[in-house]
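Coordinate analysis (summary)
The primary structure of each chain is shown beneath.
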Amino acid sequence: MDIPHSVKGEDGGRSSQISRVGSLRSFATSTRHQMKNKVPEHQKLFQADNGLPVHLKGGMVDALLYRFTMSITVFGSCYSVFSLVRAAFPQKNK
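Residues numbered from 1 in each chain as written. Predicted model: local features only at pLDDT ≥ 70, side-chain atom pairs only at ≥ 80, totals over all residues. Heavy atoms only, no water.

So, on to the overall build of the protein. Looking only at helices and strands, the protein has four helices and zero strands in total. Along the protein, helices and strands appear, N-terminal first, in the series α-α-α-α. When each of the 94 residues of the protein is scored for burial, the buried share is 3%. For the protein, the exposed area adds up to about 9,300 Å²; of that, 63% sits on carbon and sulfur atoms. (Helix = DSSP H or I, 4+ residues; strand = E, 2+ residues; numbered from the N terminus. Buried < 20%, exposed > 50% of the residue type's maximum accessible area, 1.4 Å probe, protein only. Areas by Shrake-Rupley, 256 points an atom, 1.4 Å probe, with all protein chains shown as cover.)

UniProt's feature table lists "transmembrane region" (unreviewed entry) at residues 64-89, given in the numbering used throughout. Between the first and last C-alpha atoms of residues 64-89 the distance is 37 Å; the span itself is 96% helix and 0% strand. (UniProt positions renumbered as here; feature names shortened; annotations may be inferred.)

Evaluated as defined, the whole model comprises one salt bridge. Salt-bridge contacts for E41 lead to K36; the nearest nitrogen and oxygen are separated by 2.9 Å. E41 sits in the partly exposed class, given a relative accessible area of 44%. The class for K36 is exposed, based on a relative accessible area of 59%. (Salt bridge = Lys/Arg side-chain N within 4 Å of Asp/Glu carboxyl O.)

Let us look at the packing of aromatic side chains. Here the structure, examined in full by the defined rule, presents two aromatic pairs. On the basis of an interplanar angle of 15 degrees and a centroid distance of 6.2 Å, the ring pair of F75 and Y79 is categorised as stacked. Of the two residues, F75 and Y79 are both situated in helix α4 (residues 60-88); the distance of four residues between them amounts to about one turn of the helix. Relative accessible area serves as the criterion here: at 47%, Y79 is assigned to the partly exposed category. Measuring from centroid to centroid gives 6.3 Å for Y79 and F82, while their planes differ by 40 degrees, and the two rings are tilted. (Phe/Tyr/Trp six-rings, centres within 6.5 Å; stacked < 30°, edge-to-face > 60°.)

Turning our eyes to something else, we now look at a nonpolar patch on the surface. Together, L45, F46 and V54 give the surface a local cluster of nonpolar side chains, amounting to about 250 Å² of exposed area. Topologically, L45 is positioned in helix α3 (residues 39-47). Taking relative accessible area as the criterion, L45 reaches 38% and is therefore assigned partly exposed. (Patch = residues over 30% accessible without salt bridge, like charges linked within 9 Å, V, L, I, M, F, W, Y side chains within 5 Å.)

If you want it as structure tokens, here you go:
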């Protein structure tokens, strides 16, 4: 199936492809906001032998997230056991 010459343009549609590729390339390789590589710093932090487990080496935020997650887990486990016991032994109607 051939596209009419009037739709393609003088160069057969090639200029629109080039401009599209050019705009994508300039966007993808822009270096205006280059970030500093923090991987070596994080490797030193997490590989340090300071006796802490890896999930707590991030500092106070990691400790708070860990405690919050454990609290939710314990509460959910207790509530699920409570719900199972309540379903297993329903209240009698008077």
